[in-house]
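Chain residues, written in single-letter form:
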Amino acid sequence: MDTSAYAKAIVEQTSTFADWVHGRDAAAPVPTCPKWTLADLVDHVGGTQRMVTMLVGEQMTEPSKAFAGYVPGPTDSSQWRAWLSDGAAEASQAFASVADDTPVWDPSGGAAGVPFWSRRLFAEACVHRADAAAALGMRYELAPELAVAALEDWLDTITSRGYWENKPGFANAMRGGGQTLHFHATDAPGEWVARREQDMVVLERTHTKADVVVSGPAVELLLVISRRRPLDATPTLELQGDRALLTHWIEHMDWVTND
């Protein structure tokens, strides 16, 4: 997927999310983000999209103004659909106004800028729609190709140099001596091997032996790896190898209520 495809998908995923949450109980708990209510979830999705719109649209190479300009969501849930839809549309327009190589700050440490943020907002919308589904008792579905793209974002971002440097708890937990985890989507092209080293987690897109292998439908991989569904509640996934290594990995994916 390229930036324009991600921008289109942001609008589509947010539209479904907005339809689901519109007019619902703002105080409803979100079980997959235990510290959050539905209002917190809506605020996060729409506020983050508006913050990124500022970063990209104004071509910021330093983020403080965008952070300071964070816009909270409406308290009245009857306004949520319009507010979320407007935010997604504004983000899409911002991406259309710049080129992929336009200098824009991002936290990855890789100077990915515009492509980073288009993929990040897309994956945010996908994963947080799963949170809304859990809160509202909705059925969650995501096309395999989109789930693979969201997985790519999740794994690439948490193994980035910027994430390692800015999340010392994660870095300390993930330091290793070459232990490997292999994630394999079986319904769309997508394979990743994460290798724990002393100074980083190395991510490769390859098929190889590993200490633990998790394979199955891409959407189920996404939900388990993002801690939106327990592995034991996902019988469609097959696990081979060191289960404790996978458990350790998932337990330290601290992108739950602070992502």
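Residues numbered from 1 in each chain as written. Predicted model: local features only at pLDDT ≥ 70, side-chain atom pairs only at ≥ 80, totals over all residues. Heavy atoms only, no water.

> Help me understand the packing of helix α2 (residues 38-57) against helix α4 (residues 80-96), please; the structure alone is not making it clear to me.
Geometrically, a packed helix pair is captured by the angle between its two axes and the distance between the axes. Interaxial distance between α2 and α4 falls to 8 Å at its minimum, and their mutual angle equals 25°. Here α4 runs roughly parallel to α2, going by the angle between their axes. Where α2 crosses over α4, the handedness of that crossing is left-handed. For the contact of α2 with α4, a count of residues per class yields 13 nonpolar, six polar and four charged. (Axes fitted to C-alpha atoms, helices over the stretch in contact; angles between N-to-C directions. Helix = DSSP H or I, 4+ residues; strand = E, 2+ residues; numbered from the N terminus. Parallel < 35°, antiparallel > 145°, perpendicular 65-115°, else oblique. Left-handed = near helix turned anticlockwise from the far one by under 90°. Nonpolar A, V, L, I, M, F, W, Y, C, P; charged D, E, K, R; others polar.)

> I tried to follow the packing of aromatic side chains on my own but got confused; where do I start?
Geometry of an aromatic ring pair is reported as the spacing of the ring centres plus the angle between the planes. Applying the stated criterion across every chain, the model contains seven aromatic pairs. Ring geometry for Tyr 163 against Phe 170: centres 4.9 Å apart, planes inclined by 80°, an arrangement best described as edge-to-face. By relative accessible area, which is 1% here, Phe 170 ends up buried. When the centroid spacing of 6.4 Å and the interplanar angle of 85° are considered together, the rings of Trp 164 and Phe 170 count as edge-to-face. Each member of the aromatic cluster is reached from another via a ring pair, and the members are Phe 67, Trp 105, Phe 116 and Trp 117. (Phe/Tyr/Trp six-rings, centres within 6.5 Å; stacked < 30°, edge-to-face > 60°. Buried < 20%, exposed > 50% of the residue type's maximum accessible area, 1.4 Å probe, protein only.)

> Looking at this structure, I do not really get the pairing of strand β4 (residues 212-216). What am I missing?
One face of the sheet, then the other: side chains in a regular strand alternate in exactly this way. The element β4 is extensively covered by neighbouring structure, given that five of its five residues are classed as buried. The two faces of β4 match: Val 212, Val 214 and Gly 216 on one face and Val 213 and Ser 215 on the other face are all buried. In this sheet, β4 lies alongside strand β1 (residues 179-185) in parallel orientation, the contact comprising five bridges. Bridging across to β4, Leu 181 finds its partner in Val 212. (Pairing = 2+ DSSP bridges.)

> Before we go on, may I ask you to explain the UniProt feature "domain: Mycothiol-dependent maleylpyruvate isomerase metal-binding" (unreviewed entry) in the chain in this structure?
With numbering aligned to this structure, UniProt lists the feature "domain: Mycothiol-dependent maleylpyruvate isomerase metal-binding" (unreviewed entry) at residues 10-133. The straight-line gap between the two end C-alpha atoms of residues 10-133 is 17 Å; of that span, 60% is helix and 0% is strand. (UniProt positions renumbered as here; feature names shortened; annotations may be inferred.)

> Is there a simple way to explain the environment of Asp 131 in this structure?
Mapping Asp 131 onto the fold places it in helix α5 (residues 113-136). Sequence separation of Asp 131 and Ile 10 is 121 residues, and the distance between their C-alpha atoms is 16 Å. Leaving out residues up to four positions away in the same chain, Asp 131 has contacts with Val 30, Thr 32, Cys 33, Leu 41 and Arg 228. (Contact = heavy atoms within 4.5 Å.)

> Where do I start with the state of the cysteines in this structure?
Here, disulfide denotes a covalent bond that connects the sulfur atoms of two cysteines. One pass over the full model with this rule turns up zero disulfides. Free cysteine: Cys 33, not disulfide-bonded; nearest cysteine sulfur from Cys 126 at 15 Å. (Disulfide = S-S within 2.5 Å.)

> What's the story with the layout of surface pockets in this structure? I'm lost.
Over the atoms rolls a probe the size of a water molecule, and its path tells where empty space is left. Of the pockets and cavities examined, the second largest pocket occupies roughly 220 Å³. Along its surface, the second largest pocket is lined by Val 224, Arg 227, Arg 228, Arg 229, Pro 230, Leu 231, Asp 232, Arg 243, Leu 246, Thr 247, Ile 250 and Glu 251. Here the element with the most residues in the lining of the second largest pocket is helix α10 (residues 243-251); it accounts for five residues. Class assignment of the residues belonging to the lining of the second largest pocket gives a composition of five nonpolar, one polar and six charged. (1 Å grid on protein atoms, 1.4 Å probe; cavity = no way out; pocket = protein on both sides within 12 Å on 5 of 7 lines; lining within 4 Å. Points joined across faces, edges and corners; volume = space filled by probe spheres on them.)

> Would you take a moment to explain the sheet that holds strand β3 (residues 201-204) for this structure?
Within a sheet, each strand pairs with its neighbour through backbone hydrogen bonds, oriented either parallel or antiparallel. The mixed open sheet is built from five strands, whose spatial order is β3-β2-β1-β4-β5. Each edge of the open sheet is held by one strand with a lone partner, namely β3 and β5 (238-241). Pairwise comparison of adjacent strand axes, ignoring direction, gives a mean angle of 15° for this sheet. With respect to the sheet, helix α6 (residues 144-158) is in contact with β1, β2 (191-196) and β3, its orientation differing from that of β2 by roughly 15°. Across the sheet, α10 touches β1, β2, β3, β4 and β5, and the angle it forms with β1 is around 80°.

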